[in-house]
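# Structural description and commentary
Read off the chains here:
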Amino acid sequence: MKIIHLSAECYPIAKVGGLADVVGAFPKYQSNKNITSEVIMPLYDNKFSEQNSFQTIYSGQLNLGSEILDFEIQTLETNTLDFTVYFVKIPDLLYVDYVYSFDDTDRFLAFQIAALDWMLTWKEKPSIIHCHDHHVGLIPFMLQESFKYESLNKISNILTIHNAQYQGSFSHDKVNLIPEFNFNNVGLLDWGEVINPLASAIKCAWGVTTVSPGYMEELKLKANGLEDLLRHESAKCVGILNGIDSEVWNPETDSYIVKNFSNSRVISGRKANKEWLCKEFNFDAKKPLFAFIGRLVGEKGADLLPEVFEKSLQNKNISILLLGSGQDDVEAKLSSLKENHEGSYNAYIGYDEKLSHIIYAGADFLLMPSRVEPCGLNQMYALRYGLIPIVREVGGLKDTIIDIADGGFGITHKEVETEQIVHAIERATELYQNKKQFNKIRKYSMTIDHSWDVSAAEYLNLYQSLKK
Ligand code: ADP
Ligand code: GLC
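These notes cover the structure that comes with them.

Criteria and cut-off values
Residues numbered from 1 in each chain as written. Chains lettered and ligands numbered in written order. Predicted model: local features only at pLDDT ≥ 70, side-chain atom pairs only at ≥ 80, totals over all residues. Heavy atoms only, no water. Helix = DSSP H or I, 4+ residues; strand = E, 2+ residues; numbered from the N terminus. Buried < 20%, exposed > 50% of the residue type's maximum accessible area, 1.4 Å probe, protein only. Pairing = 2+ DSSP bridges. Axes fitted to C-alpha atoms, helices over the stretch in contact; angles between N-to-C directions. Contact = heavy atoms within 4.5 Å. Near = heavy atom within 4 Å. Areas by Shrake-Rupley, 256 points an atom, 1.4 Å probe, with all protein chains shown as cover. 1 Å grid on protein atoms, 1.4 Å probe; cavity = no way out; pocket = protein on both sides within 12 Å on 5 of 7 lines; lining within 4 Å. Sits in = over half its atoms within 2 Å of the grid points. Nonpolar A, V, L, I, M, F, W, Y, C, P; charged D, E, K, R; others polar. Domains from an automatic or database assignment. Parallel < 35°, antiparallel > 145°, perpendicular 65-115°, else oblique. Polar contact = N/O pair within 3.5 Å; in protein donor to acceptor, adjacent residues only side chain to side chain. Core = buried A, V, L, I, M, F, W, Y, C linked by side-chain atoms within 4.5 Å. Phe/Tyr/Trp six-rings, centres within 6.5 Å; stacked < 30°, edge-to-face > 60°.

## Considerations on unusual backbone geometry
Here the bond from Y11 into P12 is cis, since omega is 5°, no more than 30 degrees from zero. Of note, P12 is situated in the loop between β1 (2–6) and α1 (18–30). Located in the positive-phi region is E193, a residue other than glycine, with phi close to 65°. Here E193 is to be found in the loop between β8 (190–191) and β9 (194–195). Not every positive phi belongs to a glycine, and N224 is a case in point at roughly 50°. Within the fold, N224 resides in the loop between α6 (213–219) and α7 (227–232). In this structure N224 comes out as partly exposed when scored by relative accessible area, which is 42%.

What follows is the structure, given as structure tokens:
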């Protein structure tokens, strides 16, 4: 069986968020002697492309409306990854130094067309085309409806929704960019009088998954306008929890962290990493260290953080460290908070993979007050490193974290409200004082298995059940 994943992101090539982590890990765990799992993604002009050499295995031209664009399919000259990645290089349009921006419609349409045009030339077609998020959401429609891809229309395809907030909608004025199809079926592209790639994929894909069971249920009630559609298509929809790459995220071998540790060395290992963080960010290592890592957007509850931190820092016995970037106003507030709380609050506004690993290894509690969290990987990384998550009961967070009051290993709160988050921080501070329980939970959480194996088996069952 040959599975082809199509995605805008894949770790370590290009990462904006968890989509990259998933596409960068899943194929590795999916592959075995009977299954080959590979990725097709855009080639960006970024650090990865600068540091690696590529060879061209196919050159072609594609039509984007009336425009003709040259494209190449490239692979790594020396494959340092655990699976094969095919890169679509489209000079000027796709080969740029960003993943997402204002021109995503044209860029990702050209990417999808190039990928399918190339697939037309394959002798052996894939068994499954697995599309991730709206950036490749027009593939199921094109496979089914575009005349030129008729020879591919028997290939089973699925859509995984990593985040239904983003749908990639664009005006019908651009419909001519999509390779010619029977116009009677234009409705399959439409949702709310615009072309909506995510909605179109939900309509046309043979199967639809979300990245946790809880999120699938939530989407049927609230999906940024797609709830009716998801309810209507519910027979082909299923929620499968993401796994994590337990090789990349392994405190015993992680080369980013200051000191490696196993479950039996959790106390000393975490202590060394915490001391490094405290020195770097000017904290007292005796106090509990709370951290936030993530995109500073409404979905993550980031807009409430300045107020939450201000209130919580009235307790002089805690420290808070933030790593993130996103909305300008939130970034500005979170930066300016540093002035009044030197020694107990600090923030790195930006993206830093290495620092994120050290925070997982060294902070005491991880805050995730998300409004929406389709799966969430941070809390699963936290568990693997013995960092206790404080999460809002939503989506994948609800599916993976049990409160200590219910015999679990995290702290949960029901709503995204300042008071509730502040209260959760107070509960965590109390837990920190009870060293015996605190250490027991840290040790236990490291034994929880969220590796990809279980989810990969569920996906395999799904692929095998797909019928048109
Ligand atoms: P989302 O994809 O919605 O942003 P996830 O929890 O699925 O959320 O994944 C986020 C991923 O991005 C994790 O690997 C997390 O460690 C990483 N991450 C987010 N923000 C940053 C940042 N500023 N610096 C480093 N890593 C970050
Ligand atoms: C999205 C979601 C996040 C999920 C990730 C990987 O970015 O926001 O919750 O973990 O995709 O599936």
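## So, the sheet that holds β1
Pairing within the open sheet is mixed, and its 9 strands lie in the order β3-β4-β5-β2-β1-β6-β7-β10-β11. On the outer flanks of this sheet lie β3 (54–64) and β11 (237–239), each paired with one strand and no other. Pairs of neighbouring strands in the sheet enclose a mean axial angle of 25°, with direction left out of account. Taken together, the 5 bridges between β1 and strand β2 (residues 36–42) define a ladder with parallel strand orientation. Across the sheet, the residue bridging to I4 is E38, located in β2. Its contacts with the sheet put helix α5 (residues 197–204) on β7 (156–161) and β10 (207–210), and the angle it makes with β7 is roughly 135°.

## Some words on the site of ligand 2
Neighbouring ligand 2 are 13 residues; H162, N242, E373, C375 and G376 lie closest to it. For ligand 2, whose accessible area on its own is 310 Å², the fraction buried by protein is 93%. In a pocket analysis with a 2 Å cut-off to the grid points, ligand 2 is assigned to the largest pocket. The element contributing the most residues to the shell around ligand 2 is α1, with 3 residues. For the shell around ligand 2, the residue count by class is 6 nonpolar, 5 polar and 2 charged. Viewed by domain, the shell around ligand 2 spans two of them, domain 1 (2–243 + 452–467) and domain 2 (263–445), each represented by three or more residues.

## Focus: the packing of α1 against helix α16 (residues 453–465)
In helix packing, the relevant descriptors are the interaxial angle and the interaxial distance, both defined with respect to the helix axes. For the pair α1 and α16, interaxial distance at closest approach is 10 Å and the crossing angle is 75°. With respect to each other, α1 and α16 are oriented roughly perpendicular. Of the residues in α16, those touching α1 at F26, Y29 and Q30 are D453, A456, Y459 and Y463. Looking at the contact of α1 with α16 residue by residue, the classes come out as 5 nonpolar, 1 polar and 1 charged.

## Some details on the site of ligand 1
Lining the immediate surroundings of ligand 1 are 19 residues, of which K15, G18, D21, R295 and K300 lie closest. Take G350: an N or O atom from its main chain is 2.8 Å from a nitrogen atom of ligand 1. When isolated, ligand 1 has an accessible area of 560 Å², and the protein chains bury 93% of it. Under a 2 Å grid-point criterion requiring more than half of the atoms, the pocket assigned to ligand 1 is the largest pocket. Looking at the shell around ligand 1, the elements with two or more residues in it are α1, β12 (289–296), β13 (319–326), α11 (353–362) and α12 (378–385). Sorting elements by how many residues they give to the shell around ligand 1 places β12 first, with 3 residues. Per-domain counts for the shell around ligand 1 show at least three residues from each of domain 1 (2–243 + 452–467) and domain 2 (263–445).

## Section: the nonpolar core
Across soluble globular proteins, nonpolar side chains show a tendency to be buried alongside one another. Of all hydrophobic cores here, the largest spans 88 residues; its most connected members are F290, F309, L322, Y345, I359, Y360 and F365. Tallying contributions element by element places helix α14 (residues 418–433) first for this core, with 7 residues. Summarising the domain contributions, this core has at least three residues from each of domain 1 (2–243 + 452–467) and domain 2 (263–445). Every residue in contact with Y345, bar those within four places of it in the chain, is listed here: F283, F309, L313, I320, L322, L334, L337 and K338.

## Here we look at the packing of aromatic side chains
A complete count under the given rule lists 23 aromatic pairs for this structure. Note on F48 and F54: the rings are 6.4 Å apart at their centroids and 65° apart in plane angle, and the pair reads as edge-to-face. The exposure class of F48 is buried, given its relative accessible area of 10%. Residue classification places F54 among the buried positions, given a relative accessible area of 17%. Between W249 and Y360 the ring centres are 5.3 Å apart and the planes differ by 90°, which places this aromatic pair in the edge-to-face class. You can see W249 sitting in the loop between β11 and α8 (266–281) and its partner Y360 sitting in helix α11, a full 111 residues away along the chain. Put simply, the rings of W249, F261, Y360, Y381 and Y385 pair up and form one aromatic cluster.

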